[in-house]
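Working through the structure, step by step
What follows is the residue order along each chain.
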Amino acid sequence: MLPPKDYPLEQRDDSGVQVRREARLRYAALTDTGKREQNEDAYFAGRMDGHHLFAVADGLGGHACGEVASRMAIEILAEAADEELPESEPGELLGRAFKRINTAIFTYNRDNGLNAGTTLSAAIVAESGRCWIGTVGDSRTHIVTPTSIWHTRDQTYVQGLVESGAISPAEAMVHPRKNVLTQALGLSARVQVDLDVVELACGVLLISSDGLHDYVPESVIREIVLGNEPDMACRRLIDAASDAASTDNTTVIVARA
């Protein structure tokens, strides 16, 4: 079985940032291989049937064909959104799409004797600013405001320690098992999908793979995202991850009204 095709990107500037400006939303996306030999991240940023779809998938390092799993996730998600928007309720659409992705990767693994897996965080944004978000693993969707950052819950061993009060969020960033996932797409027949509904309002949407948020403090992320247009914010977030000695691939999408 060949790896799935890449989706065409809308527009890129000379530094590789995917940039798009529309009447109500400005957004950009950028991915960086970092210190890894290959980039196992994949992303989608585009408009579909009156909504915007943004997603970041992070193929699991150390698992065979992580880059195939992440691109399968993005391809199937985009196909599902193209088929079902605007007739379907976005949250239900995401739930079905994630399960479809999980089944496809699980079957691919079974047929090829592999254990490919991926994280995925995806947001469908309506013109009103309402965001429907689905997440498996530790890629994150954030809503950044001048006073706070809300983000999706990481499905990780360390997040369980934080929620139990055993360690603090600051300790979680340096915990030796911070990359141990409790859920991922493609590794078992069933998967737990976390679904959230939030309002973008006057905030900024950021989706990132853990190459960013596992290394860069939230205060720095907030300053960069709020202080720059999406294309420059993407570049500076990638630079901040590098400056923080991130050893992982890093992918970011920034969108604001």
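Keep in mind that this is a model prediction, so the values were computed, not measured.

1. Focus on the environment of Tyr43
- Tracing the backbone through its elements, the reader meets Tyr43 in strand S3 (residues 41-48).
- By relative accessible area, Tyr43 is classed as buried at 11%.
- Looking at Tyr43, its side chain comes within polar contact range of the side chain of Gln18, at 3.4 Å.

2. Section: the side chain of Arg256
- By secondary structure assignment, the location of Arg256 is in strand S11 (residues 250-256).
- Buried charge Arg256 goes without a salt bridge, the closest partner of opposite sign being Glu229 at 4.9 Å.
- In this structure the side chain of Arg256 is engaged in a polar contact, spanning 3.0 Å, whose partner is the backbone oxygen of Asn228.
- Apart from the residues lying within four places of it in its own chain, the contact partners of Arg256 are Arg24, Leu25, Arg26, Val204, Val225, Leu226, Asn228 and Pro230.

3. Here's the deal with the sheet that holds S3
- A sheet is described by the order of its strands in space; here 5 strands give the open sequence S3-S4-S5-S6-S9, paired in antiparallel fashion. The outermost strands of the open sheet, each flanked by one partner alone, are S3 and strand S9 (194-199). If you compare each strand with its neighbour and ignore which way they point, the axes differ by 10° on average.
- Bridge count for strand S5 (residues 118-126) against strand S6 (residues 130-136) is 6 bridges, and the pairing is antiparallel. Bridge pairing links Ser121 to Thr135 in S6.

4. Some remarks on helix H7 (residues 230-243)
- The end-to-end C-alpha separation of H7 is 20 Å, in line with the 20 Å expected for 14 residues at 1.5 Å each.
- The set of residues buried in H7 consists of Pro230, Asp231, Ala233, Cys234, Leu237, Ile238, Ala240 and Ala241.
- A positive phi of about 65° marks Ala245, the residue just after H7.

5. Brief notes about the packing of helix H6 (residues 218-227) against H7
- Two numbers describe how H6 lies on H7: the axes approach to 8 Å, and their chain directions differ by 160°. With respect to each other, H6 and H7 are oriented roughly antiparallel. Where H6 crosses over H7, the two elements pack in a sense that is right-handed. Where H6 approaches H7, its residues Ile221, Ile224 and Val225 are matched on the opposing element by Ala233, Arg236, Leu237 and Ala240.
- Here the residues of the contact of H6 with H7 sort into 6 nonpolar, no polar and 1 charged.

6. Here's the deal with the pairing of strand S10 (residues 204-208)
- For S10, the tally of buried residues reaches 5 of 5 residues, placing the bulk of the element in the interior.
- Neither face of S10 is exposed, since Val204, Leu206 and Ser208 on one face and Leu205 and Ile207 on the opposite face are all buried.
- Note that strand S7 (residues 140-144) and S10 share 5 bridges and pair antiparallel. The residue of S10 that forms the bridge with Ile143 is Leu205.

7. Notes on helix H3 (residues 157-164)
- For H3, the complete set of buried residues consists of Val158, Gln159 and Leu161. Looking straight down H3, one finds its buried side chains confined to an arc of 155°; they lie on one side.
- On its buried face, H3 sits against helix H4 (169-172).
- Positive backbone phi, at 85°, marks Gly165, one or two positions downstream of H3.

Quick notes on the rules
Residues numbered from 1 in each chain as written. Predicted model: local features only at pLDDT ≥ 70, side-chain atom pairs only at ≥ 80, totals over all residues. Heavy atoms only, no water. Helix = DSSP H or I, 4+ residues; strand = E, 2+ residues; numbered from the N terminus. Buried < 20%, exposed > 50% of the residue type's maximum accessible area, 1.4 Å probe, protein only. Polar contact = N/O pair within 3.5 Å; in protein donor to acceptor, adjacent residues only side chain to side chain. Lys, Arg positive; Asp, Glu negative; His and termini not counted. Salt bridge = Lys/Arg side-chain N within 4 Å of Asp/Glu carboxyl O. Contact = heavy atoms within 4.5 Å. Pairing = 2+ DSSP bridges. Axes fitted to C-alpha atoms, helices over the stretch in contact; angles between N-to-C directions. Expected span 1.5 Å × (residues − 1). Parallel < 35°, antiparallel > 145°, perpendicular 65-115°, else oblique. Left-handed = near helix turned anticlockwise from the far one by under 90°. Nonpolar A, V, L, I, M, F, W, Y, C, P; charged D, E, K, R; others polar. Arc of directions from axis to C-beta.

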